[in-house]
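# A structural walkthrough
Listed here are the chains, written in short residue letters.
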Amino acid sequence: MSTVTTAIDIKKIRSQFPILDQEVNGKPLIYFDNAASSQTAKSVVDALVNFYEKDHANIHRGIHTLAERSTKAFEETRERVHQFINSAEADEIIFTKGTTESINLVAQAWGSKFLKSGDEILISHLEHHSNIVPWQLAAERTGAIIKVIPINEKGEILIEEYKKLLSTKTKLVAVNYISNSLGTINPVKEIIAEAIKVNATTLIDAAQAAPHIKIDVQELNCDFLALSSHKMYGPTGVGVLYGRREVLEATPPYQGGGEMIKDVSFSGTTFNDIPYKFEAGTPNIGGVIAFKSAMDFIDEIGHEAIQAYEHELLEYATDRLNQIPGFTPIGTAENKASVISFLIDNVHPYDLGQLLDVKGIAVRTGHHCTQPLMDFFEIDGTVRASFAVYNTKEEIDVFCESLQKIVERFS
Ligand code: PMP
């Protein structure tokens, strides 16, 4: 049995995820679908139960004790996100239902005011559909034009080509921090710095980055950043849009309703201050409150330790997989997170996914919501194994042995 060298307490970590301790199809579950959604930490589930059993009430509008308790806990999560991504202020943190909604908020609200016919929006060839389609819709509404930053065969952004695309027409640069399909870690700091030179607004899709690497929005110097709690050991239905104060203040509301107003009459409405201006209606209160425990879980281990451990898993798995006949990795960037997309000769990804499931191993197959990226590689899809901090080398051994057997059956 292989040993883990990076100093993390895997036993303690796994004890936070009772869901992993089960059999699927008669085999111990091996969960390698973390890029789609990571499992929820027990402390998060406990926080959710505690909220619904003890504190549930609507926030902000009540003066009774339960309303005060839930409002306090909700706003504590805002403070926690502010620390977690090092925003200048807690008011720059807007709760949404996920990265997709965060990006749509920017595309609709910011886009409706700041994009005009002929303006250019730069996105990369690596983007998730949720950082493509909202811009296509915004382009249709405003007459703006989308330009695509090219990539190389390894799945890396071509920085020199990106610089050539930038001009005074560039109004927005929106790229992901880590590609969900390939695991490429993009040089977002440099991308943002170049965008600033032409006065473009910047948006970082940090859905995949937030659980793996330390995010510092002030150091990055981005205008917007989006993330999802469910990829960070937190509950589904909760996301964040970070926006720099000046940019948020200049952006009109996204949706109208309760909470986002100061004063309403039939002759007109004055809007609330940020962040409430962007939080119409009753949010996912319990989910937001429990999300705080997810950030606590990550910070208790520490991003550095998480990244080092996951990198070790990535290298170990890559070495082992490369020994399997017919294995072809898709995406071989120098700087990569713990995601391995691949194909096996003569076995359709879908069949591979099903055969692995029979062995209790959960991987994702298909285009991973990145069809233009699949077109670049001239494939329909891949098999994707993505590792989280609770995964082990022993699980990778079982995964590779299972793959080996499948390959032997098909050869
Ligand atoms: N961007 C990236 C890079 C992603 O991986 C995902 C989720 N697969 C999204 C955006 C969308 O996130 P959500 O479904 O949580 O809104």
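### Some thoughts on the layout of surface pockets
- Estimates place the volume of the largest pocket at around 290 Å³.
- In terms of lining, the largest pocket is formed by 22 residues, of which the most central are His128, Ser130, Ala207, Gln208 and Lys231.
- The residue inventory of the lining of the largest pocket, partitioned by class, reads five nonpolar, twelve polar and five charged.

### What about the domain arrangement of the protein chain?
- Per the domain assignment, the segments of the protein chain are domain 1 (10–41 + 302–410) and domain 2 (45–299).
- A C-alpha centroid distance of 28 Å is found between domain 1 and domain 2.
- Of the residues lining the interface, 41 residues belong to domain 1; the matching set on domain 2 comes to 37 residues.
- Of the roughly 3200 Å² buried at the junction of domain 1 and domain 2 (both faces included), carbon and sulfur atoms supply 55%.

### A short note on the nonpolar core
- Counting 100 residues, the largest nonpolar core has Tyr177, Ile215, Leu225 and Phe399 as its most contacted members.
- Per-element tally for this core: the top contributor is helix H10 (residues 285–301), with nine residues.
- Composition of this core by domain shows at least three residues from each of domain 1 (10–41 + 302–410) and domain 2 (45–299).
- With sequence-adjacent residues up to four places away left out, Phe399 is seen in contact with Phe32, Leu321, Phe342, Leu356, Ile361, Val363 and Ala385.
- Among the nonpolar cores identified, the runner-up in size contains 25 residues, and Leu172, Leu203, Ala226 and Leu241 belong to it.

### Structural notes on the pairing of strand S5 (residues 120–124)
- Across the five residues that make up S5, a large majority, five, are buried.
- Side chains Glu120, Leu122 and Ser124 project from S5 onto one buried face, and the interleaved Ile121 and Ile123 project onto a second face that is buried too.
- Tracing the backbone out of S5, into helix H5 (residues 133–142) and back to the parallel element strand S6 (residues 145–149) gives a crossover that is right-handed.
- Bridge count between S5 and strand S7 (residues 170–176): four bridges; the pairing is parallel.

### Some thoughts on the packing of aromatic side chains
- All chains considered together, the criterion is met by 13 aromatic pairs.
- A centroid spacing of 6.3 Å and a plane angle of 65° characterise the contact between Phe342 and Phe399, whose relative ring orientation is edge-to-face. Residue Phe342 is located in strand S14 (residues 339–344), and its partner Phe399 is located in helix H14 (residues 393–410); the two are separated by 57 residues in the primary sequence.
- Given the relative accessible area of 0%, Phe399 is considered buried.
- Among the aromatic side chains, those forming a connected cluster through ring pairs are Phe32, Phe327, Phe342, Phe387 and Phe399.
- A cation over a ring is seen here: Lys214 above Phe84, with NZ or CZ 5.5 Å from the ring centre.

### Some words on empty space enclosed by the protein
- Going through the model one piece at a time under the given rule, you end up with one cavity of 30 Å³ or more.
- Within this model, the largest cavity holds a volume of roughly 70 Å³.
- Forming the boundary of the largest cavity are 13 residues, of which Asn34, Ala35, Pro211, His212 and Phe387 lie nearest the centre.
- Residues from two domains meet in the lining of the largest cavity; each of domain 1 (10–41 + 302–410) and domain 2 (45–299) gives at least three.

### Points about the sheet that holds strand S10 (residues 239–243)
- Taken in spatial order, the seven strands make up an open sheet running S4-S10-S9-S8-S7-S5-S6, and their pairing is mixed. The open sheet is flanked by strand S4 (93–96) and S6, the only strands paired with a single partner. Each adjacent strand pair in this sheet contributes to an overall mean axis angle of 20°, direction not counted.
- Pairing geometry for strand S8 (residues 201–205) and strand S9 (residues 224–228), over three bridges, is parallel.

### Topic: the pattern of salt bridges
- A complete count under the given rule lists 28 salt bridges for this structure.
- With a shortest N-O distance of 3.2 Å, Arg245 and Asp91 are connected by a salt bridge. Residue Arg245 is located in helix H9 (residues 245–250), and its partner Asp91 is located in the loop between helix H3 (65–84) and S4; the two are separated by 154 residues in the primary sequence.
- Note on Asp91: relative accessible area 29%, which makes it partly exposed.
- The salt bridge involving Glu334 is made with Lys154; its shortest N-O contact spans 2.6 Å. Remark: Lys154 occurs in the loop between S6 and helix H6 (159–165) and Glu334 occurs in the loop between strand S13 (327–330) and S14; sequence separation between them is 180 residues.
- Taking the relative accessible area as the measure of exposure, Glu334 reaches 63% and is therefore exposed.
- According to the relative accessible area criterion, Lys154 is partly exposed, its value standing at 32%.
- Sharing partners across several salt bridges, the network here consists of Arg80, Lys292, Asp296 and Asp299.

About the criteria used
Residues numbered from 1 in each chain as written. Predicted model: local features only at pLDDT ≥ 70, side-chain atom pairs only at ≥ 80, totals over all residues. Heavy atoms only, no water. 1 Å grid on protein atoms, 1.4 Å probe; cavity = no way out; pocket = protein on both sides within 12 Å on 5 of 7 lines; lining within 4 Å. Points joined across faces, edges and corners; volume = space filled by probe spheres on them. Nonpolar A, V, L, I, M, F, W, Y, C, P; charged D, E, K, R; others polar. Domains from an automatic or database assignment. Contact = heavy atoms within 4.5 Å. Buried area = accessible area lost by both parts, 1.4 Å probe. Core = buried A, V, L, I, M, F, W, Y, C linked by side-chain atoms within 4.5 Å. Buried < 20%, exposed > 50% of the residue type's maximum accessible area, 1.4 Å probe, protein only. Helix = DSSP H or I, 4+ residues; strand = E, 2+ residues; numbered from the N terminus. Right-handed = clockwise from strand over helix to strand, strands pointing away. Pairing = 2+ DSSP bridges. Phe/Tyr/Trp six-rings, centres within 6.5 Å; stacked < 30°, edge-to-face > 60°. Lys NZ or Arg CZ within 6 Å of the ring centre and 35° of its normal. Axes fitted to C-alpha atoms, helices over the stretch in contact; angles between N-to-C directions. Salt bridge = Lys/Arg side-chain N within 4 Å of Asp/Glu carboxyl O.

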